[in-house]
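Coordinate inspection notes
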Amino acid sequence: MSDSNASAATRRSMRRSRDSGLTLPELLITISILGIVVTVLASSVVVSLRQQASTEGRLNVARDEQAIGFVMPSDLASASEVSTDPWATPCDGAKVCDGIDLSSGSNVVMLSWVTEEGGILTEINVSYHFAPSGDGLTYQLSRIECRSVDGTAWSCTSRVVMRDLPGPPGGAAFIAGVDNGVSCQNGTLVCTRPDWVIEVSEPLAPDAVNDTQFASDDEKKDANRVVVSIDGGGDSAGAGGGLNQVNITAGGTVRDEIDATSLDGTPAFVAARSRCGGPITLIVDDSGSIGSTAMQQVRDGVEAFVSTLAGTPTQIQVVRFDTTSGTLGTTGWHRYFDMRVDTDVTELLDAVDGTSTKLISGGLTNWEDALYRTFYAEDGTIPTISPQTVVFFTDGVPSYNRLEARSTTQPLPLEPPAPGPGWPAPTGAFHQVSFDRADYIANEFAARTRLIGVGVGSGITPDSNGNAPTSTWIEDPGGERTLVERGSYSYVKAATYFGQFQIRQNSRWNTVDLDTYESWDGRKRFFDSIGQWIRVRRATNTEHLTTELGWFEITESVYDAVNVTDDDSDGLTFSDDTVPVSTGEYNANAGEANYQAVDKTYSADGPDWETWTDPEVGDPATYRYTTITSDADSYPRANSAILGDLIADTDTGVPAEFDPVEGRYTNVETANMYLLPRWDQFQGVMTQIALGECGGTLTLRTELPNGSPAPDPFEYVSGGFLDSNDQPLDFVPETVETSQQFISGTYDFTVPNGQYVSVEVVPTPKGDVSAYTSTGWSCRAGIADRAFELIDPTDAGKGIRVEVGANEAVSCTNSVTT
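Residues numbered from 1 in each chain as written. Predicted model: local features only at pLDDT ≥ 70, side-chain atom pairs only at ≥ 80, totals over all residues. Heavy atoms only, no water.

1. Quick look at the side chain of Glu 693
Locating Glu 693 in the fold gives a position in helix α13 (residues 682–694). For Glu 693, a relative accessible area of 11% corresponds to the buried category. There is a polar contact of 3.2 Å between the side chain of Glu 693 and the side chain of Arg 450. For Glu 693, the contacting residues outside a window of four places in its chain are Arg 275, Cys 276, Ile 280, Thr 389 and Arg 450. (Helix = DSSP H or I, 4+ residues; strand = E, 2+ residues; numbered from the N terminus. Buried < 20%, exposed > 50% of the residue type's maximum accessible area, 1.4 Å probe, protein only. Polar contact = N/O pair within 3.5 Å; in protein donor to acceptor, adjacent residues only side chain to side chain. Contact = heavy atoms within 4.5 Å.)

2. Thoughts on helix α6 (residues 342–353)
Between its first and last C-alpha atoms α6 spans 17 Å; for 12 residues at 1.5 Å apiece the expected length is 16 Å, and the two agree. Considered for burial, the residues of α6 that qualify are Asp 344, Val 345, Leu 348, Leu 349, Ala 351 and Val 352. Relative to the axis of α6, the buried residues are bounded by an arc of 160° and lie together on one face. Facing away from the buried surface of α6 by more than 90 degrees, the exposed residues are Thr 343 and Thr 346. (Expected span 1.5 Å × (residues − 1). Arc of directions from axis to C-beta.)

3. Regarding the sheet that holds strand β6 (residues 139–149)
Taken together, 5 strands build an open sheet; the order of strands is β1-β4-β5-β6-β7 and the sheet is antiparallel. The strands lining the two open edges of the sheet, one partner per strand, are β1 (81–83) and β7 (155–165). Averaged over all pairs of adjacent strands, the angle between strand axes in this sheet comes to 15°, irrespective of strand direction. Here 8 bridges tie β6 to β7, and the two strands are oriented antiparallel to one another. In the strand pairing of β7, Arg 147 is matched with Ser 155. (Pairing = 2+ DSSP bridges. Axes fitted to C-alpha atoms, helices over the stretch in contact; angles between N-to-C directions.)

4. A few points about the nonpolar core
Counting 43 residues, the largest nonpolar core has Val 298, Phe 305, Phe 393, Val 454, Tyr 674 and Ile 689 as its most contacted members. When contributions to this core are tallied by element, the ones reaching two or more residues are β11 (278–285), α5 (291–308), β12 (314–321), α6, β15 (389–394), β16 (450–456), β30 (673–676) and α13. For Phe 393, the contacting residues outside a window of four places in its chain are Ile 283, Val 284, Asp 285, Ile 290, Val 298, Phe 321, Val 454, Val 456, Trp 679 and Phe 682. Grouped together as the second largest cluster of nonpolar side chains are 30 residues, Ile 283, Phe 321, Trp 367 and Ile 642 included. (Core = buried A, V, L, I, M, F, W, Y, C linked by side-chain atoms within 4.5 Å.)

5. As for the state of the cysteines
For the structure shown, the criterion picks out 5 disulfides. Each sulfur in the disulfide pair Cys 91 and Cys 97 lies 1.8 Å from the other. Because the torsion about its S-S bond is -70°, the bridge between Cys 91 and Cys 97 counts as left-handed. In the protein, the cysteines engaged in disulfides, taken in order along the sequence, are linked 1-2, 3-4, 5-6, 7-8, 9-10. (Disulfide = S-S within 2.5 Å.)

6. Considering the sheet that holds strand β35 (residues 744–748)
One open sheet accounts for 5 strands, arranged β35-β31-β41-β37-β38; its pairing is mixed. Each having just a single partner strand, β35 and β38 (784–785) make up the two edges of the open sheet. Where strand β37 (residues 773–781) meets strand β41 (residues 809–817), 8 bridges bridge the pair, whose relative direction is antiparallel. Its bridge partner being in β41, Arg 780 is matched across the sheet by Ser 811.

7. Description of the environment of Val 298
For Val 298, the position within the fold is in helix α5. A relative accessible area of 0% places Val 298 in the buried class. On a C-alpha basis, the gap between Val 298 and Gln 681 in space is 9.9 Å, while along the polypeptide they are 383 residues apart. Not counting residues up to four positions away in its chain, the partners in contact with Val 298 are Val 284, Ile 290, Phe 393, Trp 679 and Phe 682.

Function cannot be inferred from these measures alone, as they are strictly geometric.
Listed below in structure tokens is the structure:
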């Protein structure tokens, strides 16, 4: 038994001994496997690093495509006249349009049309203008729109569409078409056309299979095809995030009056494409000035906006702000809720006014933090989803900014910079710096986003007597500040001397560049005619020189030969007391007739001075500092105008026009400024703004019993139309498609206000849909159920007939099983 125990102990000892290390084969196998793993990991890291530039490039390209695609197609479609002359300007040839200086750039394409309303003609010119940026290195493309109402003076606005564009290839000079118009027209100069960035050509035929088959005159009307080259900075063209091309084609507009109840003339699309859809952000003021009572009406208005768009292919994000900002329905930075998903609609409505969370009034008014959260990711980069429309509601003007409080611990971006000295600190009332910083962000994204302003209450709208609340608008805060000035140097070569008295006949005053001048200290300022830097003077020696000569210049080699002490006891010294001279003195002495033995760069009368704002380099003695006191440049400005400035860079924007007879706003699709004296008006306005996005639309979905989209594509063809009197209307059949990738399709209908159309929708097979069986339909207008009729009651899959009103966004779901 003891032997058995000993044997067992020995075996345990052997196991422990073997587990304590690796055999040679095991070690070799381990090393081989580690080599393979390390190689794979290293390759993965290399691939990831290589893909980073491409990924960033694709994001840059996507942003620029969105920017140009947001504004240009509608302009092309509206145009009745097109000009690609580089010297063309949108204000009858003037180089400065309503304060906008166009002289430094060239017109790429100018689109013109005329509208008529109530007998009033409005002439509209839109120029896409290519010009140098403020940094002096890159270029930008701006959209300049000018309007003239019944021949009045031109009113113009400008928005940057694309930034950081490259200059002419190969470093060629940029010749501005606007500034050199006459010379360009007569052929003296060749004005620059930025065809390396954006090119305008004839549109292609509808059935074109290559780039040489252009549209006929009847097909193109006044259309133009625009090819935009966008370089995202990636590794390679196309998917590499480098050079990409976007083709935009649109037909010019032929304007005829069409009866409001007729659908004649509706475009015959192969597939219906709706204006309804895309990401929308509501920016909602919940600052303390609103108060609890009015805040409930704000919540009702936001809920109305969300409910109206329920079922549509829109995604809604609600950003609330007071002292800082936040996003409803999440603790993160962004959250868009899909209005086609019932649970998303319910969750967002609960976040607005639910039992566990709701919008609450309190705090100051920080416009900047709300806009920053809307348009940027938390780290300051551009997010993958950017809103196409932003509705900005407030009851007043900004009183705080991100310098004072922000909703992230991330560092502030470099732009916009902090204000200089003299600007007032926030006091709880209107704060100019807070507005300027918010306006900077709005301007950055205005070209690619539709901004709509809604101002409510006595803090921003005029009272019953028309008296508008105002704030002190500050152009310049004034106060004490230090004025920095720099002397105007004459950058010259000194005369060269042989011996003590001779002067070279070919020596003269010569200009040298500033970099060369400042690269030497005060002891060796000037270049002589044989390439030596000299700026030395010799003391008067009464044994050899007359006292009238004073100090005179010698060559550096002579100086080095006789310089025996570090001080001036040997009669030699360096001159390091350089003094700037006046421009007049320089001009009087800069010529062959003015050879002098005494350095004429000295002036006893003092120099000309220029205000200096650049970095102070060179000799400090050449700058002077003066404390000055200036008056503030300020004036009262209406609070509504301050909101208009943020939204549209004008005092009024495009005001919403209310028709009291019809009880509605008549220009919701174009208006961007709503001013409401009463809080009880807010809910109705938010509903109408939502309908401006999706009113008169029908969205279709195909869903499985679990609510997920059917994976196979379904096509739906619109059938007969009836008006509200059950009279047939002419129509062109339109098709929408649903699939797992595109879970909804939407029709737009022309519906007279206050009326409706009845439309038949029939599903048609596409692909292998025979395996699907329709189990029924459901329809809603917003969040309310909408009645419908089955076209063939015996077959639920045949289709439905449903009414769509001008003030409704209707959605219907075809439920199917496999």
